[in-house]
Amino acid sequence: FPSHDNQMMHVVGVKTVKLNNMKVYPNPALNTLSFDTQKDLKTIDIYNFEVQNILQQSLIPSTRTLDVSSLKSGLYFGVVTDVTGNQSRIKFIKE
């Protein structure tokens, strides 16, 4: 899992993840992952537990949701990049 800093949170059993003023919910997610942030988002990269990049998606800047229904159940990591290039790292569980 790529990391440029030490900001990482444990999320097992947590309903909301706060990371760099961004909330990611619901956690665990069934079909849709939502991002509560004031920033416009640009891209998201999703990695599985084996650190394989399994989803790389450009986002419409004002989009604050991601369809995760095609992912298998399990633990995932993500890197969310906003339009200014700032990155936030997330973890979530897909049901």
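All values reported here derive from a predicted model rather than from experimental measurement. (Residues numbered from 1 in each chain as written. Predicted model: local features only at pLDDT ≥ 70, side-chain atom pairs only at ≥ 80, totals over all residues. Heavy atoms only, no water.)

Here we take up the environment of Ile54. Mapped onto the elements, Ile54 comes out in strand S5 (residues 53-58). Spatially, the C-alpha atoms of Ile54 and Tyr76 are 9.6 Å apart, while their sequence positions differ by 22 residues. For Ile54, the contacting residues outside a window of four places in its chain are Ile46, Tyr47, Asn48, Leu71 and Tyr76. (Helix = DSSP H or I, 4+ residues; strand = E, 2+ residues; numbered from the N terminus. Contact = heavy atoms within 4.5 Å.)

Turning next to the nonpolar core. Ranked by size, the top nonpolar core spans 16 residues in total, and within it Leu33, Phe35, Ile44, Leu66, Ile90 and Phe92 carry the most contacts. Looking at this core, the elements that each hand over two or more residues are strand S2 (22-25), strand S3 (32-36), strand S4 (41-47), strand S7 (74-82) and strand S8 (87-94). Ranked by the residues each element gives to this core, the list is headed by S4, at 3 residues. (Core = buried A, V, L, I, M, F, W, Y, C linked by side-chain atoms within 4.5 Å. Buried < 20%, exposed > 50% of the residue type's maximum accessible area, 1.4 Å probe, protein only.)

For the coordinates displayed, the defined rule picks out 2 aromatic pairs. The interplanar angle of 20 degrees and the centroid separation of 6.3 Å between the aromatic rings of Phe49 and Phe77 together place this pair among those described as stacked. With Phe49 in the loop between S4 and S5 and Phe77 in strand S7, this pair connects stretches of sequence that are 28 residues apart. Among the residues examined, Phe77 registers a relative accessible area of 11% and is labelled buried. On the basis of an interplanar angle of 20 degrees and a centroid distance of 5.6 Å, the ring pair of Tyr76 and Phe92 is categorised as stacked. Of the two residues, Tyr76 is situated in strand S7 and Phe92 in strand S8; the sequence distance between them amounts to 16 residues. When sorted by exposure, Tyr76 lands in the same class as Phe92, which is buried. (Phe/Tyr/Trp six-rings, centres within 6.5 Å; stacked < 30°, edge-to-face > 60°.)

Before going further, it helps to spend a moment on the pattern of salt bridges. Where side chains of opposite charge bring their charged atoms close, a pairing between them can arise. Enumeration over the complete set of coordinates arrives at 2 salt bridges. The closest approach of N and O atoms between Asp82 and Lys39, which form a salt bridge, is 3.8 Å. Taken together, the residues Asp82 in strand S7 and Lys39 in the loop between S3 and S4 connect sequence positions 43 residues apart. Judged by relative accessible area, which is 4%, Asp82 ranks as buried. A relative accessible area of 42% places Lys39 in the partly exposed class. Linking Asp40 and Arg64 is a salt bridge whose minimum nitrogen-to-oxygen distance equals 3.7 Å. Taken as a pair, Asp40 in the loop between S3 and S4 and Arg64 in the loop between S5 and strand S6 (65-67) lie far apart in primary sequence, 24 residues in all. Looking at Asp40, the relative accessible area reads 33%, which means it is partly exposed. Relative accessible area serves as the criterion here: at 24%, Arg64 is assigned to the partly exposed category. (Salt bridge = Lys/Arg side-chain N within 4 Å of Asp/Glu carboxyl O.)

As far as function goes, none of this settles anything; it's purely spatial.
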